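# Structural description and commentary
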Amino acid sequence: MSTSSTWLEHWDPENEEFWETQGKRIAWRTLWVTTITLTLSFATWFMMSAIVTKLPGIGFKFSTSELFWLAAMPGLAGGPLRIIHTFLLPIYGTRHVVTVATVVKLLPCVGIGLAVMDPTTPYWVFMVLAVTAGFGGGDFSSYMPSTNLFFPKRLKGTALGIQAGIGNFGVSLAQFMTPVMLGIATYGGAGGFTK
């Protein structure tokens, strides 16, 4: 390891001895961490499209066009961010990219939870949060190549299948959790948790 303990100085997953003594443990641990965070990335990315359908019902007076742009913005932001993510991994390493990407995803998650509590929240606030939700879409382009680097050829397909399959579950998670999140936020915003 390097002096910062975050960079691998040697990595040779095709070497059977290296794989069994060191590589396997690190690779599988990295896979599970990145798979869980990728699931959260997809949930964050699709969160706004599930939320916009509920906003009129909880008192927001946005037009159909405004709601459309809120739903579209995470996708529009996620595309260019995937290009950026392609270059991040070799520069900063998996650990740093995953850590920063996970922290950034807290912005739209917490922000939207607070924004829906007040029906007078301006449209531009939701638009900024929709753009930050797009960061979840960009993660895919660094997480999958990271997994590809960590595993030997004979296990790449299995590892990538696990990551992509479970990671895409984030879409269902967003659709399932949105009504719960809106219900809690709206109830709390209306003073339901006050004495």
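These notes cover the structure that comes with them.

## Some words on the packing of aromatic side chains
Under the counting rule described, the total for this entry stands at 11 aromatic pairs. Ring plane angle 65° and centroid distance 5.2 Å describe the contact between Trp45 and Phe46, whose orientation is recorded as edge-to-face. You can call Trp45 buried: its relative accessible area is 17%. Phe46 sits in the partly exposed class, given a relative accessible area of 30%. Taking 5.1 Å as the distance between ring centres and 80° as the angle between the ring planes, the aromatic pair formed by Phe60 and Phe126 counts as edge-to-face. Placement of the pair is Phe60 in the loop between α1 (16–51) and α2 (64–92) and Phe126 in helix α4 (residues 123–133), with a sequence separation of 66 residues. Residue classification places Phe126 among the buried residues on the basis of a relative accessible area of 0%. Taken together, the ring pairs connect Phe60, Phe62, Tyr123 and Phe126 into an aromatic cluster.

## Things to note about the pattern of salt bridges
Inspection of the entire model under this criterion finds 3 salt bridges. Note that Glu16 and Arg154 form a salt bridge whose closest N and O atoms lie 3.7 Å from each other. Placement of the pair is Glu16 in helix α1 and Arg154 in helix α7 (residues 153–167), with a sequence separation of 138 residues. Of the residues examined, Arg154 reaches a relative accessible area of 52% and is grouped as exposed. Measuring nitrogen to oxygen at the nearest pair gives 2.9 Å for the salt bridge that ties Lys24 to Glu20. Here the residue Lys24 and the residue Glu20 both occupy positions in helix α1, the gap between them amounting to 4 residues, near one helical turn. According to the relative accessible area criterion, Lys24 is partly exposed, its value standing at 33%. On the basis of relative accessible area, Glu20 is assigned to the partly exposed category, the value being 42%.

## Let's talk about the environment of Thr147
Among the secondary structure elements, Thr147 is positioned in helix α6 (residues 140–150). Beyond its immediate chain neighbours, meaning those up to four positions away, Thr147 contacts Leu31, Thr34, Ala159, Leu160 and Gln163. A polar side-chain atom of Thr147 sits 2.7 Å from a polar atom in the side chain of Gln163.

The rules behind each value
Residues numbered from 1 in each chain as written. Predicted model: local features only at pLDDT ≥ 70, side-chain atom pairs only at ≥ 80, totals over all residues. Heavy atoms only, no water. Phe/Tyr/Trp six-rings, centres within 6.5 Å; stacked < 30°, edge-to-face > 60°. Buried < 20%, exposed > 50% of the residue type's maximum accessible area, 1.4 Å probe, protein only. Helix = DSSP H or I, 4+ residues; strand = E, 2+ residues; numbered from the N terminus. Salt bridge = Lys/Arg side-chain N within 4 Å of Asp/Glu carboxyl O. Contact = heavy atoms within 4.5 Å. Polar contact = N/O pair within 3.5 Å; in protein donor to acceptor, adjacent residues only side chain to side chain.

Keep in mind these values describe shape, not function.
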